[in-house]
Amino acid sequence: MIRACALSSLVALLFCCPEAFAEQLVTPDMIVGDTIPAPLSDTVSSAAAGRTIFVDRDQGHCVLCHQIDDLDAEFQGNVGPDLSTVGDRLSPAQIRFRIVDLQSLIPDTVMPSYYRLHDLHQVQDEFQDQTILNAEQIEHLVAYLNSRTQE
Amino acid sequence: MRLLAACFLFVGAACSPQTTQREPDFPIEASLRVSGSSFLTPETVAQQNDDFENPGYLWVERGADLFEQGETSCEGCHKNGLEGVATHYPAFDTGTQTLVNLEGRINLCRTRHQGLTALPYESDQLLSLTAFVAEQSRGLPISVEVTPQTQSAFESGGAYFMTRRGQLNLACTQCHDDNWGKQLRGDTISQGHSNGFPAYRFEWEDFGSLHRRLHDCDTGVRAEPMELGSQTYIDLEFYLAVRASGLELESPGIRR
């Protein structure tokens, strides 16, 4: 009975919103609890490159919502929490998951999912089938935020 | 809270009989509702309130000229002006059985009564006439109610407001109901009310309609925007007008 229900709702979903079935970039086997333990890319990550991505308007532009002390950026936002010492609170694997798809942890969150393609709609043509950031950029951000500790 | 509001909308759609009108329920309590001008600097507010310093009055004046022009002028029918009219828009037009905004009403007058063609959306002439009509309601409270005829427009406008969209996957409600007052970089997020429009925006260095502003919020989340003047944006405008009811009309407003 339950299976029949699930099946019919799946069929209904397939007919009304095929975009919901776009490629799942991060598959369940990559996720452990609230972490993604393995890096998304093999390239050597750099905290300095991550800092640039965090500020740059055309890349992560995380300062739109987050603040970090002694960062060279005016008018940092306060929609999200202060990340000055986020490296003390979260492991690299936790930080990675939060940048990749915080919405899968906190469905209501206003923070965009930076590495995800599924379940989006009305996406502008020029951004179709693209993640907001690529795997290398995510890894640079993980390195940068992991380096943000008290000392 | 947001979920609740969305549920209300859908449940409302499914089972409210047309006879029992309920007051719509918005995430922001009526007592906390404030105009976008409360998030502007005092200098900008002063400029908005000074008819000589406010660039929007260039469009109001041009609209006044257009209003008098032609053999069958607007003024021919509206001798006593149009004070208060804009506070009730968008409104249901019984002739076409559709919801029209002020721009749409002006175009209906042109095609129905003046033997003229409709003006293109966002054209200088349509903006000027709209500004001229809206200005006559400056300082009066917006007063738009949901009726049986406009119930479905209210619901689809509300659904648009509550739905995540675009590559950034954000809904209007997430910024303007849940995070107003916070800093999005240099901008303070307002409650996203419509009462300043048409308005002069510093970012545009130009005067523009509410729909142009909605287009910017859509592209801001990298969503494919709707066409200016489209039914989707008119329904959204209606939802925003009900949501902003009680706030004073400020058009021609000045915004960042």
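Please refer to the structure placed before this passage.
Residues numbered from 1 in each chain as written. Chains lettered and ligands numbered in written order. Predicted model: local features only at pLDDT ≥ 70, side-chain atom pairs only at ≥ 80, totals over all residues. Heavy atoms only, no water.

A. Up close: the overall build of chain B. A tally of helices and strands in chain B yields 10 helices and seven strands. Taken against the 2.2 N^0.38 rule, which gives 18 Å for 256 residues, the C-alpha radius of gyration of chain B at 18 Å falls within 12% of a compact globule. Across its three principal directions, the C-alpha atoms of chain B cover 55 × 45 × 35 Å. A total of 256 residues make up chain B; the buried ones form 52% of that total. Sequence-distant contacts in chain B: of pairs separated by 6 or more residues, those separated by 24 or more amount to 69%. Summed over all atoms, the accessible surface of chain B reaches about 12000 Å², with 54% contributed by carbon and sulfur. (Helix = DSSP H or I, 4+ residues; strand = E, 2+ residues; numbered from the N terminus. Rg over C-alpha atoms; globule rule 2.2 N^0.38 Å. Buried < 20%, exposed > 50% of the residue type's maximum accessible area, 1.4 Å probe, protein only. Contact = heavy atoms within 4.5 Å. Areas by Shrake-Rupley, 256 points an atom, 1.4 Å probe, with all protein chains shown as cover.)

B. Fine view of the interface of chain A and chain B. On the chain B side, the residues contacting the 30 residues of chain A number 25 residues. Each partner contributes to the roughly 2300 Å² buried at the junction of chain A and chain B, and carbon and sulfur atoms together form 49% of this total. If you look at where chain A meets chain B, you find zero salt bridges. The tally of links between chain A and chain B comes to 19 residue pairs in polar contact (both at pLDDT 80 or more). The class makeup of the residues in the side of chain A that touches chain B is 14 nonpolar, 11 polar and five charged. (Buried area = accessible area lost by both parts, 1.4 Å probe. Salt bridge = Lys/Arg side-chain N within 4 Å of Asp/Glu carboxyl O. Polar contact = N/O pair within 3.5 Å; in protein donor to acceptor, adjacent residues only side chain to side chain. Nonpolar A, V, L, I, M, F, W, Y, C, P; charged D, E, K, R; others polar.)

C. Structural detail: the pattern of salt bridges. With the rule as written, the count across this model stands at 14 salt bridges over all chains. Each of B:Asp93, B:Arg105 and B:Arg112 takes part in salt bridges that share partners, so that together they form one network.

D. Summary view of unusual backbone geometry. With an omega dihedral of -5°, the bond running from B:Tyr89 to B:Pro90 counts as a cis peptide bond. As for its placement among the helices and strands, B:Pro90 is situated in the loop between helix H4 (74–77) and strand S1 (91–93). Of note, the amide linkage connecting B:Ser251 to B:Pro252 takes the cis form, showing an omega dihedral of 0°. The phi dihedral of A:His61 falls on the positive side, at around 50°, and the residue is not glycine. With respect to the helices and strands, A:His61 occurs in the loop between helix H2 (47–55) and helix H3 (86–89). Classification of A:His61 by relative accessible area gives buried; the value is 9%. Even without glycine at this site, B:Asn169 takes up a positive phi of about 55°. Among the structural elements, B:Asn169 can be located in the loop between helix H7 (151–162) and helix H8 (172–176).

So far we have only geometry, and geometry alone does not tell us how the molecule works.
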